[in-house]
Amino acid sequence: MRNTLLSLLALAALAAPLSAQGSELKGKFFFKKTCKTCHVAGKPGKEVTPLTKTQAQWKAYFAADKHNKGKEKLGTGTDLKPEQMKDVMTFLIQHASDSPQPMTCGG
Ligand code: HEC
């Protein structure tokens, strides 16, 4: 069982670089459509924009999958499929505070 899990993890790690790049355009769409429902000033999630984090901090945030781990705590998930989350991650990283094209709110 443990070995099966390990080989699955190894496979996932091997497969990851092939599909690591999501779509920035779709990511922007999903960020506005989903994340922004909670992440504007005055809402429970507080304001979150690509500038909220550096590229490294966004990578760490998505690697830790903080939001979905906090599901019970927040009483909600993000409703996005893994590939859609990848698009959001691509968008946020490309416009992070230390990126070549920082962006405040996703347009
Ligand atoms: C249903 C509401 C909701 C949705 C949808 C949502 N969030 Fe959140 N998010 C929250 C709440 C609530 C917190 C906790 C805020 C706090 O207490 O500071 C949070 C926290 C965060 C944080 C800060 C956590 C940290 O450790 O830095 C980030 C970043 C974040 N969300 C990003 C996102 C992204 C990206 C999406 C879309 C993929 C998203 N959120 C969708 C409600 C939501």
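- Per an unreviewed UniProt entry, the protein goes by the name Cytochrome c domain-containing protein and belongs to Geothrix rubra.

## Things to note about helix H6 (residues 82–94)
So, step 1. The terminal C-alpha atoms of H6 lie 18 Å apart, and with 13 residues this matches the ideal 18 Å at 1.5 Å per residue to within 8%.
So, step 2. When H6 is considered as a whole, its buried residues turn out to be Gln84, Met85, Asp87, Val88, Thr90, Phe91, Leu92 and Ile93.
So, step 3. Along its buried surface, H6 packs onto helix H2 (24–33) and helix H3 (55–64).

## Quick word on the site of the ligand
So, step 1. The ligand sits among 19 residues. The nearest are Cys35, Cys38, His39, Lys53 and His67.
So, step 2. Here histidine 39 contributes a side-chain N or O atom positioned 2.7 Å from a nitrogen atom of the ligand.
So, step 3. Measuring from an oxygen atom of the ligand, one finds a side-chain N or O atom of lysine 46 at 3.0 Å.
So, step 4. At the level of elements, H3, helix H4 (66–69) and H6 are the ones that each hand at least two residues to the shell around the ligand.
So, step 5. Across the shell around the ligand, the residue classes break down as 9 nonpolar, 7 polar and 3 charged.

Reading guide: rules and limits
Residues numbered from 1 in each chain as written. Predicted model: local features only at pLDDT ≥ 70, side-chain atom pairs only at ≥ 80, totals over all residues. Heavy atoms only, no water. Helix = DSSP H or I, 4+ residues; strand = E, 2+ residues; numbered from the N terminus. Expected span 1.5 Å × (residues − 1). Buried < 20%, exposed > 50% of the residue type's maximum accessible area, 1.4 Å probe, protein only. Contact = heavy atoms within 4.5 Å. Near = heavy atom within 4 Å. Polar contact = N/O pair within 3.5 Å; in protein donor to acceptor, adjacent residues only side chain to side chain. Nonpolar A, V, L, I, M, F, W, Y, C, P; charged D, E, K, R; others polar.

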